[in-house]
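# Breakdown of the fold
Each chain, written out:
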Amino acid sequence: MKQNKALYFVPYTFWLILFVIAPILLIIYQSFFNIHDDFTLENYQTYFQSGTYLKMTLNSFWYAFLITLFTLLISYPTAYLLTKTKHKQLWLLLIILPTWINLLLKAYAFIGIFSMNGTANQFLSFMGIAPQQILFTDASFLFVATYIEIPFMILPIYNALEELNPSLISASYDLGANSWQTFRRVVFPLSLTGVKSGVQAVFIPSLSLFMLTRLIGGNRVITLGTAIEQHFLVTENWGMGSTIGVFLIIAMVLTMLLTGEKKKKGAIR
Amino acid sequence: MTGNAIIEFNHVKKQYDDNVILKDIDLEIERGKFYTLLGPSGCGKTTILNLVAGFTEATEGTITLNGKKVNDIPPNQRTVNTVFQDYALFPHMNVFENVAFGLRIKKMNKNVIKEKVAEVLKMVQLSGYEERGISEMSGGQRQRVAIARALVNEPDVLLLDEPLSALDLKLRTDMQYELRELQQRLGITFIFVTHDQEEALAMSDIIFVMKEGEIVQSGTPVDIYDEPINRYVADFIGESNIVKGTMIQDYEVSFVGHTFECVDAGMRPNEKVEVVLRPEDLVLTSVEKGKLTVQVDTQLFRGVHYEIIGYDRDGNEWMVHSTKKAKVGSEVGLYFEPEDIHVMRFGESEQEFDARLESYEEE
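Residues numbered from 1 in each chain as written. Chains lettered and ligands numbered in written order. Predicted model: local features only at pLDDT ≥ 70, side-chain atom pairs only at ≥ 80, totals over all residues. Heavy atoms only, no water.

As a reminder of what qualifies: UniProt positions are given in the numbering used here, feature names are shortened, and annotations may be inferred rather than shown by experiment.
With an unreviewed UniProt entry as reference, chain B is termed Spermidine/putrescine import ATP-binding protein PotA, source organism Pisciglobus halotolerans. What the UniProt record of chain B gives under Function (unreviewed entry) is the line "Part of the ABC transporter complex PotABCD involved in spermidine/putrescine import. Responsible for energy coupling to the transport system." Under the UniProt heading Sequence similarities (unreviewed entry), the entry covering chain B gives this text: "Belongs to the ABC transporter superfamily. Spermidine/putrescine importer (TC 3.A.1.11.1) family."

The name given to chain A in an unreviewed UniProt entry is Spermidine/putrescine transport system permease protein, and the organism recorded there is Pisciglobus halotolerans. Under the heading Subcellular location (unreviewed entry), UniProt records this for chain A: "Cell membrane". As recorded by UniProt, the Sequence similarities (unreviewed entry) comment attached to chain A reads in full: "Belongs to the binding-protein-dependent transport system permease family. CysTW subfamily."

## As for the packing of helix H4 (residues 51-84) of chain A against helix H12 (residues 224-233) of chain A
All names here are of chain A. What counts is decided by this rule: Helix axes use the C-alpha atoms of the stretch in contact, all axes being lines fitted to C-alpha atoms, and the angles between their N-to-C directions lie in the range 0 to 180 degrees. Counting from the N terminus, the helices are DSSP H or I runs at least four residues long and the strands are E runs at least two residues long. The cut-offs work like this: below 35 degrees is roughly parallel, past 145 is roughly antiparallel, 65 to 115 is roughly perpendicular, and the gaps in between are oblique. Whether two residues touch is decided by their heavy atoms; if any such pair falls within 4.5 Å, the residues are in contact. Residues are grouped as follows: Ala, Val, Leu, Ile, Met, Phe, Trp, Tyr, Cys and Pro are nonpolar; Asp, Glu, Lys and Arg are charged; all remaining types, including Gly, are polar.
One way to put it is that H4 packs onto H12 with a least axis distance of 8 Å and a crossing angle of 130 degrees. Comparing the axis directions of H4 and H12 gives the class oblique. The segment H4 lies against H12, with Tyr53, Met56, Thr57 and Ser60 engaging Leu224, Ala227 and His231. Partitioning the contact of H4 with H12 into residue classes produces four nonpolar, three polar and no charged.

## Here's the deal with the interface of chain B and chain A
Note: interface size is frequently given as the accessible area lost on complex formation between the parts. The cut-off we apply is this: Throughout, buried area stands for the accessible area (probe radius 1.4 Å) lost by two parts on being put together, summed over both. Each reported salt bridge corresponds to a side-chain nitrogen of Lys or Arg within 4 Å of a carboxyl oxygen of Asp or Glu. Polar contact is the term for a pair of N or O atoms within 3.5 Å; when the atoms are in protein, one must be able to donate a hydrogen and the other to accept it, and sequence-neighboring residues count only if both atoms are side-chain atoms.
The interface of chain B with chain A comprises 25 residues on the first partner and 21 residues on the second. Of the roughly 2,100 Å² buried between chain B and chain A, counting both surfaces, carbon and sulfur atoms make up 60%. Per-residue buried area on chain B facing chain A is highest for B:Asn76, B:His92 and B:Ile105; these three make up 30% of the total on that side. Counting every contact that joins chain B to chain A gives zero salt bridges. One can count seven residue pairs in polar contact (both at pLDDT 80 or more) joining chain B with chain A. Of all the elements in the fold, those that place two or more residues in the side of chain B that touches chain A are strand E6 (80-83) and helix H2 (95-105) of chain B. Of the residues forming the side of chain B that touches chain A, the biggest block, five residues, is contributed by H2(B). Per-class residue counts for the side of chain B that touches chain A are twelve nonpolar, seven polar and six charged.

## Quick word on the pairing of strand E11 (residues 241-249) of chain B
Both faces of the sheet carry side chains from a regular strand, because those side chains alternate between them. Residues and elements named next belong to chain B. In plain terms, the rule: Any two strands are treated as partners once DSSP identifies two or more bridges connecting them.
Strand direction decides the pairing type here: E11 and strand E14 (residues 271-277), joined by seven bridges, are antiparallel. From the neighbouring strand, Ile242 faces E14, where its bridge partner is Val276. Where E11 meets strand E12 (residues 252-255), four bridges bridge the pair, whose relative direction is antiparallel. Bridge pairing in E12 places Met247 opposite Val253. Hairpin geometry of E11 and E12 is characterised by an intervening segment of two residues between the two adjacent antiparallel strands and by a positive phi of about 65 degrees at Tyr251.

## Points about the pairing of strand E9 (residues 206-211) of chain B
Residue and element names in this part refer to chain B. Put simply, the rule reads: Working definition: with a 1.4 Å probe on protein chains only, accessible area under 20% of the residue-type maximum means buried, over 50% means exposed, and in between means partly exposed.
Counting buried positions along E9 yields five of six residues, so the element is predominantly enclosed. Direction of pairing for strand E3 (residues 34-38) relative to E9: parallel, over a ladder of four bridges. Residue Tyr35 lies in a different strand from E9, and its bridge partner there is Ile206. Note: E9 against strand E10 (residues 214-219), five bridges, orientation antiparallel. Directly across from Ile207, in E10, lies its bridge partner Gly219.

Shown next as structure tokens:
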């Protein structure tokens, strides 16, 4: 019986070793070799000493933070409203639908919309404003990244709000709280698990966004993702690219630890 | 109306679309008493509670609390608190914070909150549990936290929505004593909703028996038990033997082919009625001494008594609770006193019933 159960894990374990553990080990291994294939700590030295890489890391965090923040600001009220609508399933479907479309296709669509002769500028000229450079700006990058990430934030928050026992809300009113106090003291704290998973699902991928930085951000926004791509494909310095990869993995693990479920004791005051 | 009424329902009606939940409810709740709304699920008892708490609005009629109309007052501005069926304790707060919730909303001084919470936790015997998480508490303890959380706000009325239904039998019986005792000590009006007639009989000052959105009968547990207004109430409250009979004249009723002396009056001569005899009022005796003769069909040992089912010659079923054993298959006599016979008229309303009782009891 026990053996049987173990058998079910074989395909996944195989997958895990081949596509998760082995690549991570390879990245760590390669990060200790410089461009001339010498075993060295040079790459790590470069990472910390040349200001560019540290600045890139900070940049990545900053943009990932902004994307997560905007996504959250839009998604929480949306998820909250969704739980109160009549045709929840339909609305959910409409929100999930865009995630089924290839990311690249959506990026190209936005290039069309934001270009000098695009829909956005047509609208501006209709309003009597001269065409603006919209594409290849920080704002357009943030806009598109936020647009793409929104469903991944809405879903976990929506689920957390749906699971909320309605009698808790009645109890809060019963004890004298108004709608705002009920939201602040009961609804929001109990939906935090959803917010945390949403933040994880948005912040971590945002750290290494590189395609959008190029297509929409016009390489004005340089993140760790961009740097890795450049090192592997352009300068062919795989060692340095791997080193940055190691830092990216560390950053992801840290984010997961920070937003993960902590065993709480006692109350939130 | 009397000055002691704290809640009044005046022709209150509640319906969702075409679905009528409550039809024309009139009731008056007096200060400091233990009330029970008793009925099967779907009879509208929880709806009455929700109307008092303010979670639903009446379709018609007025509800007053402390003499003020409260139809449009939201629940957070009413001086009533609720103990919910699933307790509805906040899972992200510990026991202290749960109980302190209402006081914090009122922005009370921290030291006062501490004092009040400690006091009310002591009252429900949970001192020392302040820092516990809700998930660490047992069902009975959660129940007490829920009661403490409601009582700490010093409500005019405490509403309890089937709070004992999730507890096991032993704990439920203990909590019945505790709730009753708590209510008498605090002097707060309790409105308790249940479908359990034993619970209702044990704890209440006044019981409202409900059926399909109407109050069928209201009164003290003893009144309702002894003088059920109709078959529904007799069946719902306690065990009963109900047979068809005829009221020959005042204080004389005939059923199963015999005429018996009874204590009921005020009906038309030869009116068709129903007669209730409680199983515990029937005494096993010899066939000669009995007023009725039945053949014992089955006998169950219930611990405190034997539950004996027998049939008379007309095929009517009789249930007897007796501490003495009977022999299955044998013929036994059943003896009862005139006051054990409860006569019920068909289709009598509560007002008519009360008026009739008064008319002949005064004589």
